[in-house]
Amino acid sequence: MSHDGIHPEPTSFWRKHVFSVDHKVIGKQFMWFGFAWLAIGGMMAMMIRWQLAYPGTPFPVLGDFFFPGGVVSPEQYNTLFTMHGTIMIFLGLTPLLIGAFGNFCIPLMIGARDMIFPLLNCLSFWTLMIGGAVAFYSLTVPLGGSEAGWTGYPTLSTTVGTQGSGETLWAIAVFIIGVSSIMGGINYITTIVRLRAPGMTWTRLPLTVWGLFFTSILNVLFLPVIGSAMILLVLDRVFGTTFYVPATMAEGGAGDPILYQHLFWIFGHPEVYILILPAWGYISDFLSFFSRKPAFGYRITVGAMAAVTILSAVVYGHHMFTTGLSPMLGESFMLLTMIISVPGEILFFNWLHTIWRGSLRMTTPMLFSMGVIFVFGLGGLTGIYLATISTDIYLHDTYFVVGHFHLTMAASALFGAFAGVYFWMPKMFGTVLNEFWGKVHFWFTAVPLTIVFCTMFWSGYAGMPRRYYDHTYVEYLRDLQHLNVITTHAALLLGAAQVVFAFNFIKSRWFGQKATDNPWEVGTLEWTTASPTPYFNFQEIPVVHCGPHEFSNPNIPGGADWIFQTDVLPGEPALPATHAPAAEPAHSA
Amino acid sequence: MHTTGSLVLNVLRSSRLRWIVVGLLAAVVLAPASSAHASASSTHLAAAPVLAVALQDADVDADQADAAPIVKRYGPFEPASSYGHRFDWLFNFITILISVSFLLVLILLFIPVVRDRAKPNKKAHFDHGSSLADKRFTTIVSVTVFIVLDALVLYFAMIDLREGYWNIPRGEDELAEAYQVEVLGQQWAWNFRATGADGEFGTADDIVTINHLTVPQNRPVVLNLASKDVIHSLYIPDMRFKRDANPGAVNEAWFEPIKSGDFAILCAELCGYAHYQMESTLTVLPADLFDEWEADASIMATAGYDEDDTEAQWAWDFRN
Amino acid sequence: MTAAQTIPDIASTAPRESARDRTNARLGMVVFIMSWAMGVAVLVVSFLVLRDRQPAWPPEGVKLPSLPVALVATGLLVASSFTLHRAVDRLRRGFRQVNGLWAATLILGLVFSGLQYWLWMDLWTAGHQPWAAGMFESAFYGLTWFHAAHVISGLLALVVGQIGLATGRYGTHKTSTVANIATFWHFVDVVWIILFVCFFVL
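Attention here is on the structure that accompanies the text. Given the structure is predicted, the values throughout are model-derived calculations rather than measurements.

About the cut-offs
- Residues numbered from 1 in each chain as written.
- Chains lettered and ligands numbered in written order.
- Predicted model: local features only at pLDDT ≥ 70, side-chain atom pairs only at ≥ 80, totals over all residues.
- Heavy atoms only, no water.
- Axes fitted to C-alpha atoms, helices over the stretch in contact; angles between N-to-C directions.
- Helix = DSSP H or I, 4+ residues; strand = E, 2+ residues; numbered from the N terminus.
- Parallel < 35°, antiparallel > 145°, perpendicular 65-115°, else oblique.
- Left-handed = near helix turned anticlockwise from the far one by under 90°.
- Contact = heavy atoms within 4.5 Å.
- Nonpolar A, V, L, I, M, F, W, Y, C, P; charged D, E, K, R; others polar.
- Buried area = accessible area lost by both parts, 1.4 Å probe.
- Salt bridge = Lys/Arg side-chain N within 4 Å of Asp/Glu carboxyl O.
- Patch = residues over 30% accessible without salt bridge, like charges linked within 9 Å, V, L, I, M, F, W, Y side chains within 5 Å.
- Areas by Shrake-Rupley, 256 points an atom, 1.4 Å probe, with all protein chains shown as cover.
- Lys, Arg positive; Asp, Glu negative; His and termini not counted.
- Charge placed at Lys NZ, Arg CZ, Asp CG, Glu CD.
- Buried < 20%, exposed > 50% of the residue type's maximum accessible area, 1.4 Å probe, protein only.
- Pairing = 2+ DSSP bridges.
- Polar contact = N/O pair within 3.5 Å; in protein donor to acceptor, adjacent residues only side chain to side chain.
- Phe/Tyr/Trp six-rings, centres within 6.5 Å; stacked < 30°, edge-to-face > 60°.
- Core = buried A, V, L, I, M, F, W, Y, C linked by side-chain atoms within 4.5 Å.
- Domains from an automatic or database assignment.
- Expected span 1.5 Å × (residues − 1).
- Bend = angle between axes of the 7 residues up to and from the residue.

**What about the packing of helix H10 (residues 327-355) of chain A against helix H11 (residues 364-387) of chain A?**
Residue and element names in this part refer to chain A. Axis separation between H10 and H11 bottoms out at 11 Å; the angle between their running directions is 155°. Taken as axis vectors, H10 and H11 run roughly antiparallel relative to one another. In the crossing of H10 with H11, the sense of the turn from one axis to the other is left-handed. Residues Met334, Thr337, Met338, Phe348, Trp351, Leu352 and Ile355 of H10 touch H11, and the partners they reach there are Met366, Met370, Ile373, Phe376, Gly377, Ile384 and Ala387. Class assignment for the residues of the contact of H10 with H11 results in 12 nonpolar, two polar and no charged.

Written out as C-alpha cells, the structure is:
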C-alpha cells in the first residue's frame, strides 16, 4: 500500500475514465467540468448584459427556452448574476485553474508518479460534481434559484429576504464545493511537501508549483470559514435559528447580519488570491520559458507570493468600508490593503524584468501571459481607488467595482487558465492547439474584454450602481445607458470569441497536429516524458540537477539555449548537499 | 510548431497590421453604440441583424416614453456637498498616478515585444536576477512605488476622512446646528424622519416622509440609518455619499449640501428583485425656504399624527 | 507506450507500510485537522461574538441543560480518547491485541452520543426549540449538531477501524490509518471540551 508507487493501470472503462484515481485523468475531468461551467456562466453573463443594454427585450434565440416571453424577469435577473458569480468562481475558474492544472502539473512537475492520495483526489472531483449538481438543481426549484448575490448577504439570504429552497441549495452547494477544494488542497500540499523527486529542492520548483502550493494553503485555511458561515446560514434558513437575524426584525432574533459579512470576506478576500496565485505562477514560468531567459528574481517572486498569501488574510475589511466599520478598523484595513500592493508591484517588476533583453517567442501562451500583465495591471491599479476609503465610499457597489474585480480575479485568472491550456495541451492530449486560431482567440478576447471592463469603470464612476435590473428605470441613470450598450456589444463579441476557442480546442483535441515530446523546448520535468503522458508518468523517477529556468545559460553545451532539469549543468555539482526527501527508498520491505 | 497558417501568422506578426485589426475590432464595438439612441445606421443593421431588431424596439420605447432628448453623460455631476470636491480631487489624483504607472508598465512590456523578438542565432541575456544588486534594486523600486502610489494616496485619504466623511457632528452644539434625519430602509422604499420644529424624535410633529427627503442648504445633515428587513445602502451620487442601512444596528453618516435643487437617492446594496426601483428624491432648499417648509410640514405632521398607528412610530433614540 | 509494462515500482500489495508511508499519511491528516480547526474556530468565535451582544447570559427564561449529565458525557469522551490513544500506542509498540481497547472507545462514544441526545431532549422538552429566536437555543443546537455530525463520522471511522483490526487489514504492520482515525477522534474530543466550556463554564 505504498503511496509513492503507482497503482496498476486499470482496465475497465469505469475505473479508467470515470472513477479514475490517475491524476492526469482527474485533471482532464476537472478541465472539462470547468469548461462546461464556464460556458454556462458565460451564457448567463450574455443574458445579464443583454438585459442591461436592451431592458425588456427578449434575449435572442435562446430567450424563449429560459424565460417567459424570452424576457428576463427581475427575479431571474437576480438569479442570473448570483449564479454567474458563483458558477464562474467555484465551478468554472477554480476547477480549471486549480483542479485541472494542479492535478495534471504537480506530480509531473515535481517528478512523481501520482498525487500522494489518489483516492482522495478522485473523491475531490466527484464531491465537486455533487456540488455542481446541487447548484444546477437550485436553478430549477419552484421559487427560483438563489437571488441574494454571490456574496449572499443576510438578511436577504435568510428567509427574511428570500423564500424557497433555491437559496438553501445554493448555500449547500457552496459548502460541498468548499469540501471538495479542501480535499484538493490537502492533497496538493502533502504531495508537494513529500513527493518531490530527488534533487527537486524548494528552490528548484517551477513557479507554477509554488503558485499552486500557496493557493492550496489558502484553500485549506479559508474554505472552512465559508463552510462554517454556510452552515449557520442553512441553520437559519431551515431550522429557524437566528445567527444572522437581528433583534429588531419583525420576527425577532438575536443575531447579527454583519457577522456573516466578516466571515464571508475573511474567506472571500483570500479566495481572490486563490484564483490569482496559480495564474501568477503559470505566467511567471511562461514568461521565462518564452523569453528564453531565467525568471528574474526567483526567490523574490516566491517571497512576494508568500507575502500575498499571508497578507490576504488581513485585508478583507476593505470590502466593508460602507458597512459601518469603526474608523480605526477602516483605516487599518486601508493601510494593510495598500501594503498588499507591494508584493504585487514586485511581481510586476520581476515579470517585466524577465522579458527584458530576452529572446521572445510570441506564442499563444506567451500572448496570454502578457495579457495577464495587461489586465492585472489595469485591474490592480484601479484597486487603489477602492482601497482608499474616501474614494471607495462613492465607488462602492457601483460598476467601477464590477470592472475592477472582473479584471483582477476573472480576466487575469481566465487569461492564466488559457495560457495553461495552450501550453500544456501537448502534454495533456498529445496534440497541439492551432496557433493561428489561438492568436485570433487572444486578440478577439483581449480587446473586447478591455472595452467591456473599462466602460464599466466609466459608468461606475458616473454613479451607476451594480445589480440593477434596469438602469433606464432610474431617471438619474438614463443618460448613462449608452455606456451599457457599448459594454454589452463588446461582451457579445467577447463571448463569440470563446466559440473560436471551443472550435479550436475540439478540432485540435481530436484532429490536431500530433505533438512532439517537448514542442516548447523547456526544461521542466513534465517535458522529459512522452506526449501524451504515459500512465506511469516517468520510466524512472527523475533525478533533478538544476532549476527550471536555466535558459540561455552560457554553460549549456551544444549551442542549445535550454536544458532539462534532469541534465547536469557543466561546472555544477551533480546533486547538492541538501536534497529532497525522496532520496530515501520508496519501498522498504 | 509554426506550420499551419504561417502566411497569415506572418501577417499578424507585422505590428502595423495588428493595430489595424485592433482598430477594426474597436470600430465594430463602438460604432453601434454611437447610434444606440439615435437611428441605427445601415452598416450596423447589415452587420448584426439581431442587435438591430432590439435597437429598433428600444427606439420605439424611447419615442413613446419621453420626447426630451437624452444627453449622454460620461461622468458624475458636479459635487453638491461640502466634501464632494475632496472625492473628485483624490479620484483625479489617483487617475493621474495610475495612468503614469500603467503607461510605464505598457512601455516596459512593449519595448521587449518589439526589440527582443527571437531571431536565429540570438541568445537571450542570461540573468537570474538573484544578485545582491538586483535585490537592492527591487527593494528600492518597490519602496519608491509604495511611497509614490500608496503612501501619498493614503496621506490625502486620511486628511479627507478626518475633515470629511468621518467628521460627523457629534457634540451637542454641533448637533443642534445640524439637521438630524433618521433613515429606515425597507423593501423597497426609504423612510425618512426628521425632528420637526420641536427638535426631538419620537414626537407628534416628526416629519415622516417616504422616498423624499428635504434638507436645508449649507447646514450639516446628520443621518442615522437602519433597516427594517434586509440591508440597504443610501446612495446620493451628487453628494458623494453612501452608507449602508443595516437591520439591527444604527449607522451614522453626514453630508452638507452646498447647492440647492433636487438630487437622486439610490439604493446601492442588493435588497431583492425591486432593488433598482428604490429611487428617491433629495430636495435641498435654501435656509429661508427650508424654514418655511419645516414649519408647514410640522403642522401637517401633527395634524396627521395617529397615536394608534404603531407601525409609523419607528423612531429610535438618535445616536450622538 | 510500451515502457508502461516495465515500470519497476508498481504499488506493491505488500502489507507492510514504510516509515515514509506513515509520514505521508500523518502529514495529510495534520493538514486536514488544521483546515477543519479553522471551521470550528469560526463557529466558536461567531458564538462568542454573538453571546457578547446579548444583554444577559444565559438569557432570561433559559434553563441550562443538566450540568451533571454534561459533565459525565465530557468525562466519557475524554476517557474514550485515552483508551484510543492506548490502543494506537500498543499497536505502535508491536502488541497485536488492541480489539478490546478499540471496542471500549466505540462503546464510550456511543454512550456519549446517548447522553448528548438526553441533553437535547432536556432542553427541547423545556420548551426551547432551535426556532425559539433566542441566541442560546440557536447556538446550543447549532454548535452541538455540528459536533454531533463529527461524532457520527468518528464513530463510523471507529467501526471501520474495528473491522480492519479484526480482519488483520490494519495492525502492527499498518498503523497509519488507525492513528489517523484516533487523531480525528481526539479532535472531536477537543471540540467537545471547547463547546462544554462555552456553554457550561463561561
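Structure shown, so let's carry the discussion forward.
**Describing the packing of helix H8 (residues 257-291) of chain A against helix H9 (residues 298-311) of chain A**
Residues and elements named next belong to chain A. At a closest axis distance of 11 Å, the pairing of H8 and H9 adopts a crossing angle of 175°. Between H8 and H9, the interaxial angle falls into the category roughly antiparallel. Contacts between H8 and H9 involve Tyr273, Leu277, Trp280, Gly281 and Ser284 from the first element and Thr301, Met305, Val308 and Thr309 from the second. Of the residues belonging to the contact of H8 with H9, the class tally is five nonpolar, four polar and no charged.

**A closer look at the interface of chain A and chain B**
On the chain B side, the residues contacting the 127 residues of chain A number 108 residues. Note on chain A versus chain B: buried area summed over both sides is about 10,700 Å², and carbon and sulfur give 71% of it. The largest share of the area that chain A buries against chain B comes from Tyr394, Tyr461 and Tyr476 of chain A, three residues that together contribute 7% of it. One can count two salt bridges joining chain A with chain B.

**Re a negative patch on the surface**
Judged by side-chain charge, Glu172, Asp173, Glu174 and Glu177 of chain B come together as a negatively charged surface patch. Looking at the element boundaries, Glu177 of chain B is found in helix H7 (residues 172-177).

**Some points on the side chain of Thr175 of chain C**
Tracing the chain through its elements places Thr175 of chain C in the loop between helix H4 (135-167) and helix H5 (176-201). Ignoring any residue separated from it by four or fewer positions in sequence, one finds Thr175 of chain C in contact with Glu17, Arg22, Leu91 and Arg92 of chain C.

**With respect to unusual backbone geometry**
Pro154 of chain A connects to Thr155 of chain A through a cis peptide bond whose omega is 5°. A cis geometry characterises the amide bond from Trp57 of chain C onward to Pro58 of chain C, with omega recorded as -10°. Within the secondary structure, Pro58 of chain C sits in the loop between helix H1 (19-53) and helix H2 (67-92). A positive phi is found at Arg292 of chain A, a non-glycine position, where the angle reads about 55°. With respect to the element layout, Arg292 of chain A can be found in the loop between H8 and H9. Here Arg292 of chain A falls in the buried class, since its relative accessible area comes to 0%. Positioned with a positive phi, Glu521 of chain A is a non-glycine residue whose angle comes to about 55°.

**Remarks on the pattern of salt bridges**
Counting across every chain of the model gives 18 salt bridges over all chains. Among the salt bridges present, the one from Asp256 of chain A reaches Arg53 of chain C, with a minimum N-O distance of 2.4 Å. Placement of the pair is Asp256 of chain A in the loop between helix H7 (207-239) and H8 and Arg53 of chain C in helix H1, with the two residues belonging to separate chains. A residue is classified by how much of its surface remains accessible, and Asp256 of chain A, at 10% relative accessible area, is buried. Asp561 of chain A is the salt-bridge partner of Arg292 of chain A, the closest N and O atoms lying 3.1 Å from each other. Pair noted here: Arg292 of chain A is in the loop between H8 and H9 and Asp561 of chain A is in the segment after strand E2 (513-514), with a separation of 269 residues, a long-range link. Because the salt bridges share partners, they merge into one network encompassing Arg292, Arg361, Glu521 and Asp561 of chain A.

**Quick word on the sheet that holds strand E10 (residues 280-285) of chain B**
Residue and element names in this part refer to chain B. With mixed pairing, five strands are arranged side by side in an open sheet as E4-E10-E9-E6-E7. Both outer strands of the open sheet, strand E4 (212-216) and strand E7 (241-245), are each paired with one neighbouring strand and no more. Sheet twist, expressed as the average angle between the axes of neighbouring strands with direction ignored, equals 25°. Bridging between strand E6 (residues 232-236) and strand E9 (residues 261-267) involves two bridges; their strand directions are antiparallel. For Tyr235, the partnering residue across the bridge sits in E9 and is Leu266.

**Re the pairing of strand E5 (residues 221-227) of chain B**
Residues and elements named next belong to chain B. Burial of E5 is extensive: seven of the seven residues sit out of reach of the surface. Both faces of E5 are covered, namely the face carrying Val221, Leu223, Leu225 and Ser227 and the face carrying Val222, Asn224 and Ala226. Pairing analysis gives seven bridges linking strand E1 (residues 179-186) to E5, with the strands arranged parallel. Paired with Tyr179 across the two strands is Val221, which belongs to E5. Pairing analysis gives five bridges linking E5 to strand E8 (residues 251-255), with the strands arranged antiparallel. Following the sheet pairing, Leu225 is matched in E8 by Asn251.

**Section: the environment of Val499 of chain A**
With respect to the helices and strands, the residue Val499 of chain A is situated in helix H15 (residues 481-511). In sequence terms Val499 of chain A and His441 of chain A are 58 residues apart; their C-alpha atoms lie 8.8 Å from each other.

**Here's the deal with the environment of Phe349 of chain A**
Assignment of secondary structure puts Phe349 of chain A in helix H10. Taking C-alpha positions, Phe349 of chain A is 8.9 Å from Phe296 of chain A, a pair spaced 53 residues apart along the chain. With residues near it in sequence (within four places) discarded, Phe349 of chain A still touches Phe296 of chain A together with Phe137, Thr138 and Val141 of chain B.

**Structural notes on the sheet that holds E8 of chain B**
Residues and elements named next belong to chain B. Strand order in the open sheet formed by five strands is E3-E2-E1-E5-E8, and the pairing between neighbours is mixed. Single-partner strands in this sheet number two, and they are strand E3 (207-210) and E8. Averaged over all pairs of adjacent strands, the angle between strand axes in this sheet comes to 25°, irrespective of strand direction. Its contacts with the sheet place helix H8 (residues 287-303) against E1 and E3, and it is angled at close to 95° to E3.

**Brief notes about the environment of His404 of chain A**
Residue and element names in this part refer to chain A. One can find His404 in helix H13 (residues 399-429). Measuring from C-alpha to C-alpha, the distance between His404 and Cys454 comes to 8.7 Å, with 50 residues separating the pair along the chain. Among all residues touching His404, those that are not within four sequence positions of it are Gly379, Thr382, Gly383, Leu386 and Phe457. Within the local environment of His404, its side chain forms a polar contact with the backbone nitrogen of Gly383, the two atoms lying 3.5 Å apart.

**Things to note about the packing of aromatic side chains**
Residues and elements named next belong to chain A. Evaluation of the coordinates by the stated rule reveals 107 aromatic pairs over all chains. With a centroid separation of 6.2 Å and 20° between ring planes, the pair formed by Trp14 and Phe19 is classed as stacked. Among the residues examined, Trp14 registers a relative accessible area of 53% and is labelled exposed. The class for Phe19 is partly exposed, based on a relative accessible area of 38%. Ring geometry for Tyr282 against Trp424: centres 5.3 Å apart, planes inclined by 85°, an arrangement best described as edge-to-face. Taken together, the positions of Tyr282 in helix H8 and Trp424 in helix H13 put the pair 142 residues apart, joining distant regions of the chain.

**Details of the nonpolar core**
Of all hydrophobic cores here, the largest spans 339 residues; its most connected members are Met31, Trp280 and Trp424 of chain A, Leu223, Leu234 and Leu282 of chain B together with Phe199 of chain C. Domain assignment of the residues forming this core places at least three in each of domain 2 (84-116 + 127-163) and domain 3 (177-312) of chain B. Ranked by size, the runner-up nonpolar core spans five residues in total, among them Leu184, Ala226, Trp314 and Trp316 of chain B.

**Observations regarding helix H5 (residues 118-138) of chain A**
A turn of α-helix holds 3.6 residues, and therefore any two residues three or four places apart point the same way. All names here are of chain A. Taking 1.5 Å per residue as the helical rise, H5 with its 21 residues ought to reach 30 Å, and the 31 Å between its terminal C-alpha atoms agrees with that figure. Considered for burial, the residues of H5 that qualify are Pro118, Asn121, Cys122, Ser124, Phe125, Thr127, Leu128, Gly131, Gly132, Val134, Ala135 and Ser138. Here the buried face of H5 lies against helix H2 (23-53), helix H4 (74-110) and helix H6 (166-194).

**Some details on H13 of chain A**
Residue and element names in this part refer to chain A. Along H13, the helix axis deviates most sharply at Phe423, where the bend reaches about 45°; the proline Pro426 sits within four residues downstream. Of all 31 residues that make up H13, 29 are buried, and the element is covered over most of its length. Just downstream of H13 lies Gly430, where phi reads positive at about 80°.

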